[in-house]
There are 2 protein chains.
Amino acid sequence: MARAASAKTQTRIQKEKSELILSAALEVFAAYGFRGTTIDQIAAEAGLSKPNLLYYFDSKDAIHEQLLEDLLDTWLDPLRSLDAEGDPVDEITSYVIRKLEMARDFPRESRLFANEILQGAPRIMDQIAGPLKDLVDEKAAIITGWADAGRIAPVDPYHLIFSIWATTQHYADFDIQVAVVLGERADQRFDDAAAYLTNLFTKLLRPSEG
Amino acid sequence: MARAASAKTQTRIQKEKSELILSAALEVFAAYGFRGTTIDQIAAEAGLSKPNLLYYFDSKDAIHEQLLEDLLDTWLDPLRSLDAEGDPVDEITSYVIRKLEMARDFPRESRLFANEILQGAPRIMDQIAGPLKDLVDEKAAIITGWADAGRIAPVDPYHLIFSIWATTQHYADFDIQVAVVLGERADQRFDDAAAYLTNLFTKLLRPSEG
DNA sequence: CTCTTCCTTGACCAAACGGTCAGAAACCGG
DNA sequence: CCGGTTTCTGACCGTTTGGTCAAGGAAGAG
């Protein structure tokens with residue numbers, strides 16, 4: 001039994017090494033998926049021996065599970081803060097920017113999520129069908145309310161949310177492609193993307209005059 | 001040496017089995033990536049024994065390589081047919097629809113591509129940096145030309161293309177998530193997505209009046 | 001300094017993996 | 001229905017993989 005998982009109080013070393021391992025594992029899982037990742041790869045990335053790594057986590061599964069748990073805790077935060085009381089267009093463009101910031105600052109988490117969904121979400125289906133769907137339904141209702149009140153143009157709220165997820169996460173998941181295609185302009189990709197996406201969704205949502 | 005790869009004339013069985021294997025391999029590679037896929041998985045999916053499968057292809061690598069080669073041949077077709085002589089908004093919305101149809105009709109190919117990019121495009125970097133980038137540059141110039149002529153609203157052509165890729169491929173790569181979130185409305189997802197995306201990009205590109 | 005607990009390691013194991021091979025079985029033109 | 005070619009299979013091989021274990025080394029409280 002791994003100490004880190006069962007102990008009520010963690011030693012300094014336990015905390016440090018656990019974080020080191022999780023960070024290394026995130027790097028590798030995000031690129032190669034669960035099956036494509038080996039414990040040796042994670043150990044090498046973390047600079048530890050394999051038995052030493054397994055002293056802190058019971059198994060490859062345990063590490064992966066921990067990562068997914070941590071991920072889902074924060075993954076939906078930007079959507080959660082979409083506020084029915086705010087200005088509709090501002091709320092949605094702010095959501096877009098927060099999501100884009102997450103793609104910039106946590107690309108490995110985005111890729112881990114993408115990998116999991118690509119495989120059919122075998123380990124997080126419950127979270128998708130439960131909390132995620134519930135949250136989307138709740139926020140979709142808010143958007144529909146805004147549209148009904150004429151405060152934004154009529155729009156399918158679900159596909160709006162999908163398009164926000166898709167466009168923002170694209171900059172993390174397909175980063176290599178984006179960087180290569182943009183070439184020397186790649187270093188401005190965040191600011192340019194932010195401006196482009198703000199414009200895109202503002203034009204979509206701005207209610208027609210009259 | 002596998003017969004199928006070297007023979008100049010293929011027998012009926014060679015053609016049938018090769019296609020069977022490629023289809024099965026596409027299914028598995030698309031979900032689990034190269035490292036996460038085993039030859040036994042592919043063989044089971046194809047209903048063949050492992051040695052029998054290896055009679056047609058030299059190695060796991062050879063199958064994967066063949067799939068990527070076939071994929072890149074057709075992957076960029078929709079973008080290639082973007083026509084500088086057509087109506088700008090029609091050309092781009094038609095491109096969006098063609099891409100969305102590909103996501104619907106060839107989701108496994110989309111996921112295979114996604115998996116490859118997630119891993120850093122180790123096997124198709126040449127294609128990305130070469131033909132793909134060249135084509136994007138060419139079409140971006142066309143879009144810029146349209147904008148300069150005032151025929152569409154000014155827009156960053158690269159991020160426009162990224163957002164088209166992202167939004168359309170999302171329906172293939174994240175299909176499980178989309179299906180779960182949409183629930184009973186999921187069977188209309190293609191038509192609804194087509195309407196939503198057409199509206200999204202039309203509003204973005206429609207030149208401001210006056 | 002010392003004893004206990006925590007940390008680390010090399011050696012090891014069984015299962016899974018990619019791939020090979022000799023020969024059996026099916027196919028097919030004559 | 002015969003003979004050569006093509007197709008298929010079980011048994012096998014070396015390597016990699018996930019994971020274990022006994023024992024040695026480092027921390028740290030007293």
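Everything below is about the structure printed above this text.
Below or above, wherever it landed, is the structure these notes cover. (Residues numbered from 1 in each chain as written. Chains lettered and ligands numbered in written order. Predicted model: local features only at pLDDT ≥ 70, side-chain atom pairs only at ≥ 80, totals over all residues. Heavy atoms only, no water.)

Let's shift gears to the relation of the copies chain B and chain A. Least-squares fitting of chain B to chain A yields an RMSD of 0.1 Å, with the transformation described by 0.0 Å of translation along the axis and a rotation of 180°. Between the two chains, the operation in question is that of a two-fold axis. Closest approach to the rotation axis within chain B is made by the C-alpha atom of Gly36(B), at a distance of 1.9 Å. Residue by residue, 100% of the interface of chain B is reproduced at the interface of chain A, so both copies engage with the same surface. (Least-squares fit on C-alpha atoms with pLDDT ≥ 70 in both. Contact = heavy atoms within 4.5 Å.)

On to the packing of aromatic side chains. Overall, the coordinates contain 10 aromatic pairs over all chains when judged by the stated rule. Where Phe29(B) meets Phe34(B), the ring centres are 5.8 Å apart and the plane angle is 15°; that geometry is what we call stacked. We classify Phe29(B) as buried; its relative accessible area is 0%. Take Phe34(B): its relative accessible area is 10%, and that puts it in the buried class. Through pairs of rings, three or more aromatic residues link up here, namely Phe162(A), Trp165(A) and Tyr171(B). When the ring centre of Phe34(A) is taken as reference, the NZ or CZ atom of Lys60(A) above it lies at 4.5 Å. Lying over the aromatic face of Trp75(B), Lys99(B) brings its terminal NZ or CZ to 4.3 Å of the ring centre. (Phe/Tyr/Trp six-rings, centres within 6.5 Å; stacked < 30°, edge-to-face > 60°. Buried < 20%, exposed > 50% of the residue type's maximum accessible area, 1.4 Å probe, protein only. Lys NZ or Arg CZ within 6 Å of the ring centre and 35° of its normal.)

On to the pattern of salt bridges. Two side chains carrying opposite charge are able to pair once their charged atoms lie near each other. All names here are of chain B. Under the criterion given, the structure shown has 16 salt bridges over all chains. One salt bridge in this structure joins Asp61 and Arg123, with 3.1 Å as the shortest N-O distance. Remark: Arg123 occurs in the loop between helix H8 (107-118) and helix H9 (125-148) and Asp61 occurs in helix H5 (residues 60-75); sequence separation between them is 62 residues. Note on Asp61: relative accessible area 37%, which makes it partly exposed. For Arg123, a relative accessible area of 39% translates into the label partly exposed. Among the ionic pairs, Glu138 bridges to Lys139, the shortest N-O distance being 3.6 Å. Owing to a relative accessible area of 4%, Lys139 belongs among the buried residues under this scheme. (Salt bridge = Lys/Arg side-chain N within 4 Å of Asp/Glu carboxyl O. Helix = DSSP H or I, 4+ residues; strand = E, 2+ residues; numbered from the N terminus.)

To continue, consider unusual backbone geometry. In terms of backbone geometry, most residues other than glycine have negative phi values and most peptide bonds are trans. All names here are of chain A. In this model, Ala121 sits at a positive phi of 55°, which is unusual for a non-glycine residue. Along the chain, the position of Ala121 falls in the loop between helix H8 (107-118) and helix H9 (125-148). What makes Ala121 buried here is its relative accessible area of 0%.

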